[in-house]
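The primary structure of each chain is shown beneath.
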Amino acid sequence: MAGLSVGGLGSGLDVAGMTQQLVAAERTPKEIRITNEKSKVDASLSAYGLVKSSASSLQDLLESFDEDEAFTSKSASSSESGYLDVSVESNAQNGRYSVEVKQLAESHKVASTSLTADPDASLGSGDLVIGVGSNSMTLNISSNKSSLKDVAQAINDADDNPGITATIITDDTGAKLVFSSTKTGEENKISIDASGATGDLGDLDFDPDNITGNPNMMEMQEAKDAIIVIDGFSTVTNATNTFTDAIDGVTFNAKKITGTYGTGNDTDDIDVKNAIIEIENDTGKPKTAIDEFVEAYNSLFEMVDSQSKYNVEEESGGPLVGDSISRSLLGQMRNLLNEPVEVNGRSYLLSEFGVTTDRYGKLEVDDEILNDQLDENFVNFGRFFNGDEGFLKKADDLLDGFVGREGSITSREDSLKEQQKRLDDDMVTLNERMKAYEERTYKQLSAMDAAIYKMNNELNTMMSLLVF
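Residues numbered from 1 in each chain as written. Predicted model: local features only at pLDDT ≥ 70, side-chain atom pairs only at ≥ 80, totals over all residues. Heavy atoms only, no water.

*Asks:* What am I meant to see in the packing of aromatic side chains here?
*Replies:* Both the distance between ring centres and the angle between the ring planes are used here to describe each pair of aromatic rings. Summed over all chains, the structure comprises 13 aromatic pairs. The interplanar angle of 40° and the centroid separation of 6.5 Å between the aromatic rings of Phe293 and Tyr297 together place this pair among those described as tilted. Of this pair, Phe293 and Tyr297 both sit in helix α3 (residues 284-308), four residues apart, roughly one helical turn. Judged by relative accessible area, Phe293 falls into the buried class, the value being 3%. Accessibility expressed as a relative area gives 0% for Tyr297, which makes it buried. Judged by centre distance (5.0 Å) and plane angle (80°), the ring pair of Phe384 and Phe385 falls under edge-to-face. Accessibility classification places Phe384 together with Phe385 in one group, the buried group. (Phe/Tyr/Trp six-rings, centres within 6.5 Å; stacked < 30°, edge-to-face > 60°. Helix = DSSP H or I, 4+ residues; strand = E, 2+ residues; numbered from the N terminus. Buried < 20%, exposed > 50% of the residue type's maximum accessible area, 1.4 Å probe, protein only.)

*Asks:* Just checking my understanding: could you explain the sheet that holds strand β11 (residues 226-230) for this structure?
*Replies:* Adjacent strands of a sheet pair through backbone hydrogen bonds, lying either parallel or antiparallel. Spatially, β1-β15-β3-β11-β12 is the arrangement adopted by the five strands of the open sheet, whose pairing is antiparallel. The open sheet terminates on both sides in strands that have one partner only, identified here as β1 (74-78) and β12 (234-238). Sheet twist, expressed as the average angle between the axes of neighbouring strands with direction ignored, equals 25°. (Pairing = 2+ DSSP bridges. Axes fitted to C-alpha atoms, helices over the stretch in contact; angles between N-to-C directions.)

*Asks:* Even after reading the chapter, I still don't get the side chain of Ser181, so can you show me in this structure?
*Replies:* Within the element layout of this structure, Ser181 appears in strand β8 (residues 174-184). The exposure class of Ser181 is buried, given its relative accessible area of 5%. Engagement of the side chain of Ser181 in a polar contact is seen with the backbone oxygen of Lys183, the distance being 2.9 Å. A distance of 3.5 Å separates a polar atom in the side chain of Ser181 from the backbone oxygen of Asn188. Beyond its immediate stretch of four places on either side in the chain, Ser181 contacts Ser107, His108, Val132, Gly163, Ile164, Asn188 and Ile190. (Polar contact = N/O pair within 3.5 Å; in protein donor to acceptor, adjacent residues only side chain to side chain. Contact = heavy atoms within 4.5 Å.)

*Asks:* Sorry if this is basic, but what is going on with the pattern of salt bridges here?
*Replies:* Once their charged atoms are close, side chains differing in charge can pair, the charge on each being opposite to the other. Under the definition given, this model contains 18 salt bridges. Residue Lys362 pairs with Glu302 through a salt bridge whose shortest N-O separation is 2.5 Å. In this pair, Lys362 is assigned in the loop between β20 (355-357) and β21 (363-365) and Glu302 in helix α3, connecting sequence segments 60 residues apart. Across the pair Glu352 and Arg346 runs a salt bridge, and its minimum N-O distance is 2.5 Å. (Salt bridge = Lys/Arg side-chain N within 4 Å of Asp/Glu carboxyl O.)

*Asks:* So what exactly am I meant to see when it comes to the packing of helix α4 (residues 324-337) against helix α7 (residues 391-403) here?
*Replies:* A pair of packed helices can be characterised by two numbers: the angle between their axes and the separation between those axes. Running from amino to carboxyl end, α4 crosses α7 at an angle of 170°, the nearest separation of the two axes being 11 Å. It follows that α4 is roughly antiparallel to α7 by the angle criterion. Contact residues: Ile325, Ser328, Leu329, Gln332, Met333, Leu336 and Leu337 in α4; Phe391, Lys394, Ala395, Leu398, Leu399 and Phe402 in α7. Among the residues making up the contact of α4 with α7, the classes are represented as ten nonpolar, two polar and one charged. (Parallel < 35°, antiparallel > 145°, perpendicular 65-115°, else oblique. Nonpolar A, V, L, I, M, F, W, Y, C, P; charged D, E, K, R; others polar.)

Function cannot be read off these values alone, since they describe shape.
This is the structure we're talking about:
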């Protein structure tokens, strides 16, 4: 007893220390089990996250190829882009065209003669029916809100405005109200019926079919359609300067009028007589796409390999050693790379376009084969990738089966997260149980300490009696 530390009621027992040792003995194996399991789950979840991120990046890339039509794209050029710009879609046919810009589209603009020197003066009251083409609106102008500013604001703020803006211009002769169509083209002429208005408002009447009928209104700019001539014989008229239907898959944007020969007009002095448009296969874009695909696939391959590789010498492996899901992902991707795609009655393999697998399982590109296929077999090349049952669609579906909302990797991640939560709950439960165990053990040891103290006191009393 003399060797025990002082504790409790003086029995010499280290009640606190003994309690801690008993609690540690009870807690340690359970805590180690939970901690080890959680470390494994955390490592697996992290590894799956890395693989999923790499696979998702590959899927996003393939989807962007499909959206951008990377393997079927065409290129278009204009010899005079300052006069006529051009863009093209993948369905356009290759060709060369000479295009003249005969007229640019313009919006209609009309103005009143001077109404008043005071822009705040009342102009009258009543209804104004203002139209642009076949659309119109009716404004009721009250006499107390009929200044030039009020009328212009009422037009511009109208919810049913048909496409017109009103601006006040004040020159040496006074203030004018200018009406401008927001749309170009002959069909978007401005009309104003002011027969229901009084005062100066009644002078705003304008008939686009009789522009001189009202001396109080004048046409500042004629509404015009844009006109181009393709290859000297096909005249195309359009309400805007952007032509989308002249040639299938081709969009022209007219910017300036080209010159003429021997008409006696000012356009004879314009040196540029036409713009030469060339539409060709865009071989650069698919080459870039192939390189990006190979890089993304190889990144996925390396990621799976790094997470599932086993080091024999160190007798250790990555978190996904022996994992069937990651092995299945690479296995199915390898099978897809060697799966034929039928195009126009013939089966093609990815390797025929210069994309092959090396002895390690990674992809590589034979640029010579790829360039030859792009030059000689561009249409079938594009359909191999972008067809309804083409490579991009198959690869996207395959990857979605792993990284999609209900994919196998996603499901495995969800399962691991549930395990994480369960282990966290187990740790909380262990902490609570150990707290109760500690309190119970401390009470038991304290009671024992008190009993020993009492026994010692009684023994000491008996010994003292025996001495005397």
